[in-house]
Each structure stands twice: as C-alpha cells, then as structure tokens.
Amino acid sequence: MSLEKPQIIAHIQKSLNYTVFDSRWIPCSAKFVCMGNFARGSGVLQIYEIQHGELQLVREIEKAKPIKCGTFGATSLQQRHLATGDFDGSLNVWNLEVPESPVYSVKAHKEIINSIDGVGGLGIGDGAPEIVTGSRDGTVKVWDSRQKDTPVVNMEPMEGETKRDCWTVAFGHAFNEQDRCVCAGYDNGDIKLFDLRNMSLRWETNIKNGVCSVEFDRKDINMNKLVATSLEGKFHVFDMRTQHPTKGFASVSEKAHKSTIWQVRHLPQNRDIFMTAGGAGNLHLWKYEYPAQRTKKGADDVDMGVAGSVNLLQNVTLSTQPISSLDWSPDKQGLCVCSSFDQSVRVLIVTKLNTV
Amino acid sequence: MTDRHPSIAPPLSNHRHVVATSVYVSLRRESEMPLIVKDHTWTQNQNTVYISVPLKGVKPASVHVICTDEYLKVSFPPFLFEVFLFGSINEERSEARIGNGVAVFTLQKRRDESWEQLFTNIDKDKQKQIREQAVLKVQQKEAEKSKAKAARIQQEKKYALETMMKLENKERDRIQKMKDEECARATAELDFWRETQRKTAEEKENQQKTRGTGPQDNQPVNQKTVTLMRNTGDTTSGQRSRKQTAKDLPAPRSAGCIQISFTPRVFPTALRESHVPEEEEWLKKQAEARRAVDTDLAELDDLREDERNPDWLKEKGDKLFMSGNYQAAVNAYNLAIKLNRKIPALFSNRAACHLKLRNLHKAIEDSSQALELLKPAVAANASARLKAHVRRGTAFCELELYVEGLQDYQAALEIDPHNAALRADSDKICEIIQGTT
C-alpha cells in the first residue's frame, strides 16, 4: 500500500547567515534567488542551484539597502530580470548576470515596499509588462520599465485621509491587451480591486483583520478566484466570476494555522490547488472544489456568485518560525522553495499532485 | 471533644464515655459464641483424610475456612466447626469442596499413616495458641496472594504496554519507509529533470554561439545583416526568438490616478492597535456626562427651559467670551456647571474666562478639574487636553510658578509635538527658569 495523499517532503534545507524575506525561482532553471538583509543592515541577493541533493551558492550580490520582495513576473524569458523592492522604497530591476547597476531604478515610495508583483512577462499573457508595488505609505503604484520616474498608475489615499499600510498586491484579469486588475490588501483588513482599463475602483471589502497576502489563481485569465489571507489564521477564497452590484463577490472562508497566514501561492500547473504558509512554521495544501452551480439568482433577480468549498489535502510543520515566503517552480510540478524567519531556506517536493 | 477509644479511656463518669462502652458491649454480644457442629463425618485412607461437614442450610457463600497444617476451622454463622488434627497435613495440597448443603474437605496427610481419631486432645492454652497461629498464617497467606496478584497484574500491564509500543513503532517505521521511498523517487525525478534542463540549456547556448550575435543588437545596419543570416541559417529556436522581438509590445499605459478611501472607524487606529478599553471608557463617560443633570437645586424652578440646558448655557457662555464679556460668560458657565458637573468643556472654558479676568488661581482650579474629567487619555480628547494644559500653564506662569507652568507646557507638547508656538513658549519659560536660578 502506498501513500495516497500528496506528501510534502522537505528535500533540502539550508541555513543562511542573514534574514531572508523572499525567495523566487528563476524561470526555466533549477536555480532560485533569495533576498534579504544582513545583520549589518545591507541588502543581499543570493542565487542557489540544486545539485545532487544540495544547494550550491552560485552568486552573492550585496546591495546598500535591505531587499524585501522580488518578482520575475514582468520580464521576458530570455532576459529574466528580477524586479525588487527594498526597505527604502526603491524599485530596482536587476540583470542577475550584471548586477552592479540596475536596468531600471526608481524611488517608488516614501516607505518600505511591502509587496511587489509583475505581469506580462515570461511568455504568459498579453499586454505590456508591468510591475505593481504596495508600500507602507498607503499607496499602490504600477510601473512600466519603459517609463522613467513616474508610475503608470497611482492608487493613493484621498486628501486628508489617514493612510493605512498596504501589505500585499497582486495582478490579475490580464487576459487580453487592455484588461488588467490590481488587487491590494491593507493592514486594516481592506481589500481593494482596481480596474486598470477603466482606471477605477471596481470592488472593495473589509475582512476585519489585516490582509497578509492576496493572489489570483491565474494572472492571465478572466479573473476566476482570489485568495486573501489575513491575521488570526483566516483566509478567504472569493469567486470572481460573478460580481453582484451590492454584495460583491461570493466567498468561503476557512480558519487554519492558528496563527497569521503569511502567504498563499497557487500551483502554476493546477489553479485549484494552493498552499498557505503560516506563522507557526507550517504549510497547508488545499484544494478548492467548485459548487454545482457557480451562479444563482439573488433576491432582486440579479446574478450572484456561489462559493465552493476548500479541502485540506496535507499539512506539515517545518519550523518554529513563520514561513514568510513560498514559491512554486513553474517548470517542475510540485517543486517549491520556501523561506522562513529562522534564517533558513527549504526546497520542498510535493508528491502526487497529478492524481489530486 | 476528641474521640476516645473505649479501652484506653480512664473510667470517668462521662456520659459520652458510658455510651461508647455500652455500644462496644452490645457489639460483643452480637458475636456470641457460635454453635459448635458435632455431626460431622470423616473417613481416611493411608494418605488422605476426608471430612464432611453438613452446612445446615447456610449458603455456601457465607462459609469461611481457615486451615493450617494442624488445624481446621470452618465457620458458617451461626455455626462453627473446628478440629485440631491428629497429625499434620499438607495444607497446600488439600482441597475443600463446598456445595450441596455439605462441605467436604480432602486433606493430604504429611505422613502416610492411619489416624486413630480426627481430634487430638490438647489443652486450652495450646488450642488458643494454635488458633492464633492459624489466623496469623491465613492473614500472611492472603497478604502474599494479594501481593503476588498485584505483581502479576503489573507484569501483564507492562507486557501489554510493550507490545503496544512495538506495534506502534512498527507502524511508524512502515509509514516512514514509504515516505522515504517517495522522497527518494521524487529526488531521482528532480535530478533527472535538472539534467535534462541543463542539457537543453547547453544545447541552446551552443546553437546561439553558432548563430553569431544574438538578437539584442539594436543598430539598424547590423540588424539587416543579422536577419539575413538568420533567414539563411534557419533553426527553430532562431525563429522563435525573432518572433518575440518583432512582436510589438503595447505602449506604456497612459498615466492614471485612482483615489481611494479606507474603511472608517470611530477611532483612527486599526483594531489591533487600538486602546479599545480606554476608548470605550471615554465614550461611556461622555454619554453619562450628557445625561447627568443635578436636579435637586431650588433655583431650578426659576429658570426657563433654555437655561436648564447645559449645552445652551455653554453656547451662551462661548458667545459672551467671544464678545469680551468675560464676567457674564463666567456666570453662564457657573450655572451650567451647577446643572451638570461632568462636562469637561465647561470647566476648561471657564478657566479661559478666569485667565482673561486675571483670576489666576481660579483658572488653575478649573483647568485642573477639566483635566480630571478628561481621563482616560485617548486620541478623541487630545485637543481638549491640549487646551486645558496650555491654559493652566499660562496661569502658572502668570503667577511666576514657572516650573509648574513648564510641566504643563511639556504635557501639551507631548500631545501636539508639531505646534511651533507651543515650542517657542516652552523654550521661553526654560530660559526664564534658567535665568532666575
């Protein structure tokens, strides 16, 4: 008898000598980049390659300011430039072969960039490659690397409004050249969905607890599902296909982890499977089941969405410290890298995902 | 009164004592001399003695047997049968069968001999001795048996536990083995995948080298020649990369700005940061203050409806203050305070009036009262507290109590660190203090 449920196996674990905030696979390779800051206050990028069951350090790049987040989402497959946001509020796009000076650099925000996302690159989807950054100064800005110094879109609080930290941003709904949506989560529980085609706020809601991470299940399709995780161990899955004029999107919520859920990441090969990373060092693997009918008629004869259900497939505890970042490999199904605040990075293999 | 054991108590003519002994005596009476059974029968052969004792209708359950090597006692209340055996028997190998209205004892003799009689004739003292010994022996045996039983139970429990643990370990090992196999398989797959990746990467590199300069060349002249070269030396990868550079990326989006507002809260801090208990307290206090009206004042009857409303009086007072009629303003505030002693604004405003009227001590009192009412310190009453501190500070300074005044100005600065005028004033006071010391 062999194990039937997907197993999460910690394949390699490496202890680092700096605090690591984010780790990302370099597309089309078995290498990944770790970003963080040294104890001496400078930023660091390290590139590791998996060789014979061990991690080999390929390159180490030190920068002036600590680096909080990064993405490969907005570059082409040949260039594979990494866009990073740092503690100073600067957005830099690096060519990792020539990391001395950035390909594109701008002082994006006045305060730390908490989250970054890219769309339009890697041969996925249509439209211009763009980068969105969300910062503690309460603004969300969209950048195009062909336009210097000013953002393409700026979502900022109104005059006189007290600002709230933006903790997470995500692109979605980019299924043709014109359409694009940005979803932003804030520390007071606000989730806002901006439509970049109409330059307007399309939807907003409040989930009471600070939103740690939002992600669409796919960036390059008509928006299907959105998962938002928050403090106090709750996450919500919104069905984004049907928007009701007053009630917004239907959602199902789940309490797990018993602590902050720091990250959610969908499997690139199957958009109904996602993994959440918790503040107690544990990972939960979930599968979303669609309901029999995705829409139904509401009270006033307007279509309303129906949320499905979420099943826990597997969970594992890897560490005692929060797992702050998680990234699935787009090339090998089930391979993922995660980093946590115990200054270590782990490569995990999740098995049996094709039979789930 | 402590309980006293009857046998050791001195013979006091104590009522309780007497009662105790009488109870003791009556208990004794119940365990009377039992009826001796004489109609037993016995037979023997060379090595065994069989004794049969009729039970006379007593249930087998209430038959109690004490048997030693020389003595057998069967007690089934109210009957008793005891026999001092002629010879010694082997108690362990003897057996008793109790049932069917009769108790049959099969006693194994120690020495194979024929007994002349069942009883031996021994004197009373010896009898007593033997009886006591028998009882002791039985007790000992019982104790040993129970100890042995306890030890056996312990042993069995331990064994059960060990077996359980072994089973669980086996199960755990099995699962671990399965997991390890999966891990090994996945690792092998990963290595294989990586190898293929590496090979394709190498191939691509080689192809690129043979093709010459890559597609990053921007100069128009070279581009033509390069495209020519590519057209002649056609490889599939070359075609694909050409397509990607030729594909027109849409122009950067025209700049836009979206203004947003955040979900409001009564207090401007997020749930996790708020001092909810203090803020609730402050809100409650305000609500109470609104409601509290001191109604048992004789002068109330003379007042009009308006003049009974502290809010209206406060507004009146404010207007009078604005127009410079400070004394009348004070009167209005006085009346308002008489009606409702809990509104801090009244005290604070009256303090301002007194300041203008140079009633400095009264100003200090009133602003102190206002600050008292403005506890707990929350964001909502920050500006009110600021005003009260400033007024009291000014009054202190006018009275030349500069140190106290400075304290108030410092408190005000804490509430509003960015107020330039405040900072200038407090610096001036510092100078004056340093000048005089």
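If you're wondering where the values come from, they're calculated on a predicted model, not measured in any experiment.

> Please explain the overall build of chain B as it appears in this structure.
In terms of helices and strands, chain B carries twelve helices and nine strands. By residue count, 30% of the 437 residues in chain B fall in the buried class. In chain B, of all internal contacts separated by at least 6 residues, the share reaching a separation of at least 24 is 53%. Accessible area for chain B stands at about 29900 Å²; split by element, carbon and sulfur atoms hold 53% of it.

> Help me understand the pattern of salt bridges, please; the structure alone is not making it clear to me.
Following the criterion strictly, the structure yields 31 salt bridges over all chains and no others. Salt-bridge contacts for R358 of chain B lead to E398 of chain B; the nearest nitrogen and oxygen are separated by 2.7 Å. Of the two residues, R358 of chain B sits in the loop between helix 8 (344–356) and helix 9 (360–373) while E398 of chain B sits in helix 10 (residues 382–398), which places them 40 residues apart along the sequence. If you follow the salt bridges from partner to partner, you end up with D22, R24 and D327 of chain A in one network.

> So what exactly am I meant to see when it comes to the UniProt feature "repeat: TPR" (unreviewed entry) in chain B here?
Residues given the UniProt feature "repeat: TPR" (unreviewed entry) here are residues 386–419 of chain B. The distance separating the terminal C-alpha atoms of residues 386–419 of chain B is 11 Å; by composition the span is 79% helix and 0% strand.

> Teacher, can you tell me more about the environment of H11 of chain A here?
Mapped onto the elements of the fold, H11 of chain A is located in strand 1 (residues 8–15). The exposure class of H11 of chain A is buried, given its relative accessible area of 16%. Spatially, the C-alpha atoms of H11 of chain A and R346 of chain A are 7.4 Å apart, while their sequence positions differ by 335 residues. Excluding anything up to four places from it in sequence, H11 of chain A contacts G53, V347, L348 and I349 of chain A together with T187 and L190 of chain B.

> For this particular structure, what's the right way to read the environment of I66 of chain B?
Residue and element names in this part refer to chain B. Here I66 is to be found in strand 4 (residues 64–67). For I66, a relative accessible area of 8% translates into the label buried. When the C-alpha atoms of I66 and A134 are compared, they prove to be 7.1 Å apart, with 68 residues separating the residues in sequence. Excluding residues within four positions of it along the chain, I66 makes contact with Y71, L72, K73, A134, V135 and V138.

> What exactly am I supposed to notice about the interface of chain B and chain A here?
It is common to give the size of an interface as the accessible area that goes away when the parts come together. At the interface, 35 residues of chain B touch 61 residues of chain A. Here chain B meets chain A over a buried area of about 4100 Å², counting both sides, of which 58% is carbon and sulfur. Inspection of the region where chain B meets chain A yields two salt bridges. Here K352 of chain A ties to E182 of chain B by a salt bridge, and the two come within 2.5 Å at their closest N and O atoms. Counting residues per element, the ones that place at least two in the side of chain B that touches chain A are helix 2 (124–211), helix 4 (236–246) and strand 9 (256–260) of chain B.

> Is there a simple way to think about the packing of helix 10 of chain B against helix 11 (residues 402–415) of chain B in this case?
In helix packing, the relevant descriptors are the interaxial angle and the interaxial distance, both defined with respect to the helix axes. All names here are of chain B. Between helix 10 and helix 11, the shortest axis-to-axis distance is 8 Å and the interhelical angle comes to 160 degrees. Taken together, the axis directions place helix 10 and helix 11 in an arrangement best described as roughly antiparallel. Here helix 10 runs over helix 11; the crossing is left-handed. The segment helix 10 lies against helix 11, with A382, R385, L386, H389, V390, R392, G393, T394, F396 and C397 engaging Y402, E404, G405, D408, Y409, A411, A412 and I415. Class assignment of the residues belonging to the contact of helix 10 with helix 11 gives a composition of ten nonpolar, four polar and four charged.

> Help me out: how do you make sense of the UniProt feature "repeat: WD" (unreviewed entry) in chain A in this one?
Residues annotated by UniProt as "repeat: WD" (unreviewed entry) correspond here to residues 131–153 of chain A. Secondary structure content for residues 131–153 of chain A is 0% helix and 43% strand, and the end C-alpha separation is 10 Å.

> Can you help me understand the environment of I433 of chain B in this one?
All names here are of chain B. Here I433 lies in helix 12 (residues 420–436). The spacing of I433 and V403 is 30 residues in sequence and 7.3 Å in space, taken between C-alpha atoms. Discounting residues that sit within four places of it in the chain, I433 has contacts with Y402, V403 and L406.

> Is there a simple way to think about the sheet that holds strand 19 (residues 225–230) of chain A in this case?
The strands that make up a sheet are held in pairs by hydrogen bonds between backbone atoms, and each pair lies either parallel or antiparallel. All names here are of chain A. Strand order across the open sheet formed by four strands is 18-19-20-21, with antiparallel pairing between neighbours. Edge strands, defined here as strands with exactly one partner in the open sheet, are strand 18 (211–216) and strand 21 (248–255). The average undirected angle you get between the axes of adjacent strands in this sheet is 20 degrees. Pairing analysis gives five bridges linking strand 19 to strand 20 (residues 234–244), with the strands arranged antiparallel. Following the sheet pairing, A228 is matched in strand 20 by H236.

> Looking at this structure, I do not really get the packing of aromatic side chains. What am I missing?
How two aromatic rings sit relative to each other is given by the distance of their centres and the angle of their planes. Under the definition given, this model contains 15 aromatic pairs over all chains. With 5.3 Å between their ring centres and 65 degrees between their planes, F321 of chain B and Y326 of chain B make a pair best called edge-to-face. Among the aromatic residues, those joined into a ring-pair cluster are F21, F87, W262 and F341 of chain A. A cation over an aromatic ring shows up here: R40 of chain A above the ring of F38 of chain A, its NZ or CZ 4.2 Å from the ring centre.

> Would you mind showing me how to read the state of the cysteines here?
Where two cysteines share a covalent bond between their sulfur atoms, that bond is called a disulfide. All names here are of chain A. One pass over the structure, following the stated rule, counts zero disulfides over all chains. With no disulfide of its own, C166 has C183 as its nearest cysteine by sulfur position, at a separation of 9.3 Å. The exposure class assigned to C166 is buried, which follows from its relative accessible area of 0%.

What counts and what doesn't
Residues numbered from 1 in each chain as written. Chains lettered and ligands numbered in written order. Predicted model: local features only at pLDDT ≥ 70, side-chain atom pairs only at ≥ 80, totals over all residues. Heavy atoms only, no water. Helix = DSSP H or I, 4+ residues; strand = E, 2+ residues; numbered from the N terminus. Buried < 20%, exposed > 50% of the residue type's maximum accessible area, 1.4 Å probe, protein only. Contact = heavy atoms within 4.5 Å. Areas by Shrake-Rupley, 256 points an atom, 1.4 Å probe, with all protein chains shown as cover. Salt bridge = Lys/Arg side-chain N within 4 Å of Asp/Glu carboxyl O. UniProt positions renumbered as here; feature names shortened; annotations may be inferred. Buried area = accessible area lost by both parts, 1.4 Å probe. Axes fitted to C-alpha atoms, helices over the stretch in contact; angles between N-to-C directions. Parallel < 35°, antiparallel > 145°, perpendicular 65-115°, else oblique. Left-handed = near helix turned anticlockwise from the far one by under 90°. Nonpolar A, V, L, I, M, F, W, Y, C, P; charged D, E, K, R; others polar. Pairing = 2+ DSSP bridges. Phe/Tyr/Trp six-rings, centres within 6.5 Å; stacked < 30°, edge-to-face > 60°. Lys NZ or Arg CZ within 6 Å of the ring centre and 35° of its normal. Disulfide = S-S within 2.5 Å.

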